[in-house]
Amino acid sequence: MRTTRRTDGSTDDHTGGRRPARRPGRFAVLAASGLAAAALVAGCGTSGGGSPATPSPPASGAPASPGMPAAGLRTTTDARLGTIVTDGAGYTLYRFDHDSADPPTATCDGGCAALWPPVPADGTTVSVSGVDATLVGTVTRADGSKQLTLAGWPLYRYAPDHKPGDTKGQGVQGIWFAVTPSGDRAAAGSGGSGGY
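Below or above, wherever it landed, is the structure these notes cover. Being a predicted model, the structure only gives us computed values, none of them experimental.

Some thoughts on unusual backbone geometry
Inference 1: In this structure, the amide linkage connecting Asp 102 to the following residue, Pro 103, adopts the cis form with an omega of 0°.
Inference 2: Counting through the fold element by element, Pro 103 comes out in the loop between β7 (100-101) and β8 (104-105).
Inference 3: Here the phi dihedral of Gln 173 falls at roughly 55°; this positive angle occurs in a residue that is not glycine.
Inference 4: Inspection of the secondary structure assignment puts Gln 173 in the loop between β12 (153-154) and β13 (176-178).

Points about the side chain of Arg 141
Inference 1: You can see Arg 141 is positioned in the loop between β10 (136-140) and β11 (146-150).
Inference 2: Given a relative accessible area of 6%, Arg 141 falls into the buried group.
Inference 3: With near-sequence residues (within four places) excluded, Arg 141 lies in contact with Ala 106, Cys 108, Asp 109, Ala 113, Pro 118, Gln 147 and Tyr 156.

Some points on the sheet that holds β12
Inference 1: Judged by pairing direction, the sheet is antiparallel, and its three strands sit side by side in the order β10-β11-β12 without closing on themselves. Of all the strands in the sheet, just β10 and β12 have a single pairing partner and so form its edges.
Inference 2: Pairing of β10 with β11 involves five bridges; the strand directions are antiparallel. For Val 139, the partnering residue across the bridge sits in β11 and is Gln 147.

Here we look at the pairing of strand β4 (residues 73-78)
Inference 1: Examined bridge by bridge, β4 and strand β5 (residues 82-87) share six bridges and lie antiparallel to one another. Bridged to Thr 77 within β5 is Thr 83.
Inference 2: Pairing between β4 and strand β9 (residues 128-129): two bridges, direction parallel. Residue pairing in the sheet places Arg 74 in a bridge with Ser 129 of β9.

Looking at the state of the cysteines
Inference 1: All told, the structure shown has one disulfide when counted by the stated rule.
Inference 2: The disulfide partner of Cys 108 is Cys 112, and the gap between their sulfur atoms is 2.0 Å. One disulfide, between Cys 108 and Cys 112, carries an S-S torsion of -110° and so falls in the left-handed class.

Digging into the nonpolar core
Side chains of nonpolar character tend, in soluble globular proteins, to be buried together.
Inference 1: Core analysis: the largest hydrophobic core is formed by 19 residues, its most contacted members being Cys 108, Trp 116, Tyr 156 and Trp 176.
Inference 2: Secondary-structure elements contributing two or more residues to this core are β6 (94-96), α2 (111-115) and β13.
Inference 3: Ranked by residue count, the leading element in this core is α2, at three residues.
Inference 4: One finds Leu 73, Val 85, Val 131 and Leu 150 within the second-largest nonpolar core, a separate group that totals ten residues.

Comments concerning the environment of Gly 169
Inference 1: On the secondary structure map, Gly 169 appears in the loop between β12 and β13.
Inference 2: Linking Gly 169 and Tyr 158, residues eleven residues apart in sequence, is a C-alpha distance of 5.9 Å.
Inference 3: Filtering out sequence-adjacent residues up to four positions away, Gly 169 remains in contact with Tyr 94, Trp 116, Tyr 158, Asp 161 and Trp 176.

Examining the sheet that holds β5
In a beta sheet, neighbouring strands are held together by backbone hydrogen bonds and run either parallel or antiparallel to one another.
Inference 1: Spatially, β5-β4-β9 is the arrangement adopted by the three strands of the open sheet, whose pairing is mixed. Unpaired on one side and paired on the other, β5 and β9 mark the two borders of the sheet.

Concerning the packing of aromatic side chains
Inference 1: A complete count under the given rule lists six aromatic pairs for this structure.
Inference 2: Between Tyr 94 and Trp 116, the aromatic rings sit 5.5 Å apart at their centres with planes inclined by 80°, giving edge-to-face as the arrangement. With Tyr 94 in strand β6 and Trp 116 in the loop between α2 and β9, this pair connects stretches of sequence that are 22 residues apart.
Inference 3: Owing to a relative accessible area of 0%, Tyr 94 belongs among the buried residues under this scheme.
Inference 4: Note on Trp 116: relative accessible area 0%, which makes it buried.
Inference 5: A centroid spacing of 5.2 Å and a plane angle of 85° characterise the contact between Tyr 156 and Trp 176, whose relative ring orientation is edge-to-face. With Tyr 156 in the loop between β12 and β13 and Trp 176 in strand β13, this pair connects stretches of sequence that are 20 residues apart.
Inference 6: Using a relative accessible area of 0% as the deciding quantity, one classes Trp 176 as buried.
Inference 7: Over the aromatic face of Trp 153 sits the side chain of Arg 95, whose NZ or CZ is 3.7 Å from the ring centroid.

The rules behind each value
- Residues numbered from 1 in each chain as written.
- Predicted model: local features only at pLDDT ≥ 70, side-chain atom pairs only at ≥ 80, totals over all residues.
- Heavy atoms only, no water.
- Helix = DSSP H or I, 4+ residues; strand = E, 2+ residues; numbered from the N terminus.
- Buried < 20%, exposed > 50% of the residue type's maximum accessible area, 1.4 Å probe, protein only.
- Contact = heavy atoms within 4.5 Å.
- Pairing = 2+ DSSP bridges.
- Disulfide = S-S within 2.5 Å.
- Core = buried A, V, L, I, M, F, W, Y, C linked by side-chain atoms within 4.5 Å.
- Phe/Tyr/Trp six-rings, centres within 6.5 Å; stacked < 30°, edge-to-face > 60°.
- Lys NZ or Arg CZ within 6 Å of the ring centre and 35° of its normal.

Written out as structure tokens, the structure is:
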């Protein structure tokens, strides 16, 4: 049987029927997905001091994003970690050991910041509850944006924390910790795996 390829990508088998052009197979889609994941992991590979930030890609549908305002800082009590700081919506906030508090310096950029979104500072007064307002400040990031700080430590969310009260970022790789109202690490001795 003779077939003819048409300009629209379909073929005509000269039996009166047109067959649609072939779509990329599952293998091509999986390969593209794998390359995208590898690029993200490479982007998270190092941050500041050269140690890996975390190899996990961000979870889809996570509420945290770099453009989401903090709306406020408040304290909550976690059964495992004690008193920690959350944003106004109740999502746990974290500090990164490769950052610096004096002077305030944020080093989590690129793929790292996709997984650990910086808490933005939009220039308005941040409401606080249980947190000393004199400890709240900002730092200018490498891209020129402002990030909220607590006792000098830049604040982050963790994308895999899907609901208020989640603390999946606690202790990830021994360098990410929920932050206390004084800017310290929460229960530094207990560490989570970050969902590995």
